[in-house]
Amino acid sequence: MADSAAGGPVDPADGDGKERGDTSRPVTIAYIAESAGVSVPTVSKVINGKSGVSADTRARVEALVNEYGYRKPSGANRNNVVELVFRELEHMWAIEIIRGVERVARRHRVGLMVSEFGLHDTGEPTWDDTVSRRPNCVLSVAQLSEAEREQLRAKGIPFVVFDPATELPDDVPFVGATNWSGGRAATRHLTELGHRRIAMIGGPEDQLYCCARLDGYRSALQAAGLPADPALVVHAALTHEDGCAAARALLALPERPTAIFAANDLQALGVYQAAREAGLRIPDDLSVVGFDDLPVVAWVDPPLTTVHQPLTEMAVAATELALTLGRGEAAPQVGLEIATTLTVRGSTAPPKD
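Remember, predicted model here, so these are calculated numbers, not experimental data.

S.K.: Teacher, can you tell me more about the overall build of the protein here?
M.R.: Helices and strands together make up the secondary structure of the protein, namely eleven helices and twelve strands. Sequence-distant contacts, at least 24 apart, represent 70% of the contacts inside the protein between residues at least 6 apart.

Structure follows, in structure tokens:
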């Protein structure tokens, strides 16, 4: 979509007092945006040759870029630090990601900084501090908006998105997991045990990886010749509490499921609680499968069968990719998905006759 920002160029003597042609201080992309009466992401799109800018706006920005002699930042003035960015640090899998990033950072002798920005709707500034710190590269577990991606590009800071939750443009580097295959493997395990009423607690419907796990579940049911009963699919947030609430609803059905596949391990632990409340034994009365393979699930009673998402290995690959981009080298591939595997433990068994 073309830029629709209103307003014409401002007086170049305003703000910081810089006169046109004054080279005593470097020209910033923000100053060009202010002078052109447009946003910083719009200027970034022009400088990087991106589409989505009207011809008049592009011409106005290019004229100012040429007049001020602006040059894209190089890696020479970035700090030797990789910044790992989370929206929230409350989730148990964060430590597995940090472990992988730290391993690579130590091997390459670069610093590691971990940031927590909060959710999009907090109304608080996010990337300004990161941009001002000028890290060598950014690895974002937080999902980047288009404006945030352009803000980083405008400062010449390479970035990689970890486990994307939404569809990304083709040129955005990312590392993810084979979520569809993982969902299919989990459900196939239950069908091979003989289960026919298999429920799924899906994650939020706007999360790409949750949709992929649900699609894998449906694919396995189809392959086993089983109907996909809408009553057996409940969507919930990826937390213990919401998993428990969803499981209560499923177990209260007139014909309850004999197995539940949860979109992540925290939901699966919530299923354990709901099963105990209902007087059901796992796996005798109910089989349960999770997704992630957090270390804690091997210690619950019974140990949880789950899809192993190689979070540490994903973080290693993502950090290597980010550092490659930070050195100004071409990435061997823009996107990478690392294979999931099913870890079978004590929470699954054939259903009772």
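S.K.: Any chance you could explain unusual backbone geometry here in plain terms?
M.R.: Glycine aside, negative phi is the norm for most residues, and most peptide bonds take the trans geometry. The omega torsion of the bond from Ile282 to Pro283 falls at 5 degrees, within 30 degrees of zero and hence cis. By the element assignment, Pro283 lies in the loop between helix H10 (265-277) and strand E9 (287-292). Cis rather than trans, the peptide bond between Asp301 and Pro302 has omega equal to -5 degrees. Note that Pro302 resides in the loop between E9 and strand E10 (305-308). With phi around 50 degrees, Asp163 is a residue other than glycine that occupies positive phi space. Tracing the sequence through the fold places Asp163 in the loop between strand E4 (159-162) and strand E5 (174-177). The exposure class assigned to Asp163 is buried, which follows from its relative accessible area of 11%. Even without glycine at this site, Asp293 takes up a positive phi of about 65 degrees. Of note, Asp293 is situated in the loop between E9 and E10.

S.K.: What's the story with the packing of helix H4 (residues 94-108) against helix H11 (residues 311-326) in this structure? I'm lost.
M.R.: The angle between the axes and the distance between the axes are what describe a pair of packed helices. Between H4 and H11, whose axes approach to 7 Å, the crossing angle comes to 40 degrees. Our classification of the angle between H4 and H11 gives oblique. Crossing hand, H4 versus H11: right-handed. Along its contact with H4, which presents Glu96, Ile97, Gly100, Val101, Arg103, Val104, Arg107 and His108, the element H11 presents Leu311, Thr312, Ala315, Val316, Thr319, Glu320 and Leu323. By residue class, the composition of the contact of H4 with H11 is seven nonpolar, four polar and four charged.

S.K.: In this structure, what is going on with the packing of aromatic side chains? I would like to understand it.
M.R.: We describe a pair of aromatic rings using the distance from one ring centre to the other and the angle between the two ring planes. Counted according to the given criterion, the structure contains zero aromatic pairs. Its guanidinium or amino end placed over the ring of Phe291, Arg213 lies 3.8 Å from that ring's centre, counting from NZ or CZ.

S.K.: Explanation requested: the pattern of salt bridges in the structure shown.
M.R.: For side chains of opposite charge, pairing can occur when their charged atoms come near one another. A full pass over the atoms with the stated rule returns 13 salt bridges. For Glu102, the salt bridge is made with Arg106, and the minimal N-O distance between the two is 2.4 Å. With Glu102 and Arg106 both in helix H4 and four residues apart, this pair spans about one turn of that helix. A relative accessible area of 52% means that Arg106 is categorised as exposed. Between Lys352 and Asp285 there is a salt bridge, with its nearest N and O atoms 2.8 Å apart. Here Lys352 is found in the segment after strand E12 (341-343), whereas its partner Asp285 is found in the loop between H10 and E9, with 67 residues between them in sequence.

S.K.: How should I be thinking about helix H8 (residues 208-223) in this particular structure?
M.R.: Residues spaced three or four apart along an α-helix point in a common direction, a consequence of the helix completing one turn every 3.6 residues. Here H8 spans 23 Å end to end across 16 residues, near enough to the 22 Å set by a 1.5 Å rise per residue. Turning to H8, its buried residues are Tyr209, Cys210, Ala212, Arg213, Leu214, Gly216, Tyr217, Ser219, Ala220 and Leu221. On the buried face of H8, the contacting elements are helix H7 (179-192), strand E6 (198-202), strand E7 (233-235), strand E8 (259-262) and E9. Directly after H8, the chain includes Gly225, whose backbone phi takes a positive value near 75 degrees.

Conventions used here
- Residues numbered from 1 in each chain as written.
- Predicted model: local features only at pLDDT ≥ 70, side-chain atom pairs only at ≥ 80, totals over all residues.
- Heavy atoms only, no water.
- Helix = DSSP H or I, 4+ residues; strand = E, 2+ residues; numbered from the N terminus.
- Contact = heavy atoms within 4.5 Å.
- Buried < 20%, exposed > 50% of the residue type's maximum accessible area, 1.4 Å probe, protein only.
- Axes fitted to C-alpha atoms, helices over the stretch in contact; angles between N-to-C directions.
- Parallel < 35°, antiparallel > 145°, perpendicular 65-115°, else oblique.
- Left-handed = near helix turned anticlockwise from the far one by under 90°.
- Nonpolar A, V, L, I, M, F, W, Y, C, P; charged D, E, K, R; others polar.
- Phe/Tyr/Trp six-rings, centres within 6.5 Å; stacked < 30°, edge-to-face > 60°.
- Lys NZ or Arg CZ within 6 Å of the ring centre and 35° of its normal.
- Salt bridge = Lys/Arg side-chain N within 4 Å of Asp/Glu carboxyl O.
- Expected span 1.5 Å × (residues − 1).

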